[in-house]
Amino acid sequence: MRCEKSLTTIRPRVIYAIIKQFYKENPPEKQRRGRPRKYPEELILFLLLLKIVLKASYRQLLSRAKDFDPNEQIPSLHNTFYRLKHLPEERLQQFLNWLAEKGIKLEHKAREELEKKGEEAYAMVDGTGVGYNTPFYLRNKRGREIREIRGHVKVVAVCYWQGRRNWVMGVNVGSAYGDEGKLLMELLKRMGEGLLPCGTKIVGDRFYGMRVKLLEKMEELGYEPLVYSRDTVWVRVKSEVRKRAQERAMRHKRIMRGRYRIEQVFGSIKRAYGSYLEVRKERMARLLVLGMFIMWNLVGV
């Protein structure tokens, strides 16, 4: 199934084939309540990813989906929006991780070459924002005036690199101006030891170095955070976990210099699909952002 493809040139048939393979290996739970599903979940997930790749409106999406497979029963316009809105984020996260695991297995030769050079695989963590159409009201000039700006969703991603390509291992999406530290903590609690291989070094910027509980959680899960936590004129680093993260960062400066690779992931996704989403609701914005990171892993498989 491996072929030449990019974020913008990948064919819908390839996307659909990979989604079907995922659902074959990971079938959804049996529905216990409500009306029977008229449209399979894999079709709805395909429509979400197709909307991202084509940058299409809902009407354009349905038209292109019918051209893709005339025999497939496509939901109506209203039904499509409803089904997309109710896609479970947990299922999208599971698909993202499945793609990452599959891609990492394909890169076993790259891992061996990296080990021969005396280097090791590592992970990176960082945050970014993606805008959407809902207005966000911001008080300006000490609360006397209210300025309307476009809202955005905050994204924290963890990427894994072993010599050839970045793989997105986990993504957590929050509201506008969300706390990156809290979003990462939620991701660590939700995925635990399944997020990364045990003993993986995690590179972050100094923002994460100020979060003692976050660093403690990483060590508790068996990871090794590498973060600069330098003394300032007035404040000295007292926490032992911050000192350990600082010592690792000083010993592995080569790995620290590779933190830019996660910025390349953000940049590539935004160049392909844009940094602004033509939707009004945060719920749809969250799903589309997850879909954008899914497409990054899907292209590499």
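Here is what the cut-offs are and how they apply
- Residues numbered from 1 in each chain as written.
- Predicted model: local features only at pLDDT ≥ 70, side-chain atom pairs only at ≥ 80, totals over all residues.
- Heavy atoms only, no water.
- Helix = DSSP H or I, 4+ residues; strand = E, 2+ residues; numbered from the N terminus.
- Rg over C-alpha atoms; globule rule 2.2 N^0.38 Å.
- Buried < 20%, exposed > 50% of the residue type's maximum accessible area, 1.4 Å probe, protein only.
- Contact = heavy atoms within 4.5 Å.
- Areas by Shrake-Rupley, 256 points an atom, 1.4 Å probe, with all protein chains shown as cover.
- Lys, Arg positive; Asp, Glu negative; His and termini not counted.
- Charge placed at Lys NZ, Arg CZ, Asp CG, Glu CD.
- Core = buried A, V, L, I, M, F, W, Y, C linked by side-chain atoms within 4.5 Å.
- Expected span 1.5 Å × (residues − 1).
- Salt bridge = Lys/Arg side-chain N within 4 Å of Asp/Glu carboxyl O.
- Polar contact = N/O pair within 3.5 Å; in protein donor to acceptor, adjacent residues only side chain to side chain.

Broken down by element type, the chain carries 13 helices and 6 strands. What you see for the chain is a C-alpha radius of gyration of 21 Å, in line with the 19 Å of a compact globule of 301 residues. Projected onto its principal axes, the C-alpha positions of the chain cover 65 × 60 × 40 Å. Every one of the 301 residues in the chain was classed for burial, and the buried ones make up 50%. A sequence separation of at least 24 residues applies to 70% of the contacts in the chain between residues at least 6 apart. Carbon and sulfur atoms form 48% of the exposed surface of the chain, whose accessible area is close to 16700 Å². For the chain, the separation between the mean place of its 62 positive charges and that of its 35 negative charges on side chains is 5 Å.

Our focus in this paragraph is the nonpolar core. Ranked by internal contacts, the top residues of the largest apolar core, which has 99 residues, are Leu-49, Phe-95, Leu-184, Phe-293 and Met-295. For this core, the element with the most residues is helix H13 (residues 282-300), which contributes 13 residues.

So, about helix H2 (residues 41-54). In this model, H2 (14 residues) spans 20 Å end to end at C-alpha, consistent with the 20 Å of a helix rising 1.5 Å per residue. Counting buried residues along H2, 12 of its 14 residues qualify, which places the element largely inside the surrounding structure. Taken together, the buried positions of H2 are occupied by Glu-41, Leu-43, Ile-44, Leu-45, Phe-46, Leu-47, Leu-48, Leu-49, Leu-50, Lys-51, Ile-52 and Val-53. Elements in contact with the buried residues of H2: helix H1 (12-25), helix H3 (58-68), helix H4 (77-85), helix H5 (89-106), helix H12 (260-273) and H13. Trailing H2 by a residue or two, Lys-55 shows a phi angle of about 55°, which is positive.

Another point: the pattern of salt bridges. For the coordinates displayed, the defined rule picks out 14 salt bridges. In this structure, Glu-89 engages Arg-286 in a salt bridge whose closest nitrogen and oxygen atoms are separated by 2.9 Å. In this pair, Glu-89 sits in helix H5 while Arg-286 sits in helix H13, placing the two residues 197 residues apart along the sequence. Residue Arg-286 is classed as buried on the basis of its relative accessible area, which comes to 18%. In this structure, the salt-bridge partner of Glu-282 is Arg-286, at a minimum N-O distance of 3.8 Å. Here the residue Glu-282 and the residue Arg-286 both occupy positions in helix H13, the gap between them amounting to 4 residues, near one helical turn.

What follows concerns the side chain of Lys-154. Mapped onto the secondary structure, Lys-154 falls in strand E2 (residues 145-161). Looking at Lys-154, its side chain comes within polar contact range of the side chain of Glu-180, at 3.4 Å. Dropping the residues within four chain positions of it, Lys-154 is found in contact with Thr-128, Asn-172, Val-173, Gly-174, Ser-175, Gly-178, Glu-180 and Leu-183.

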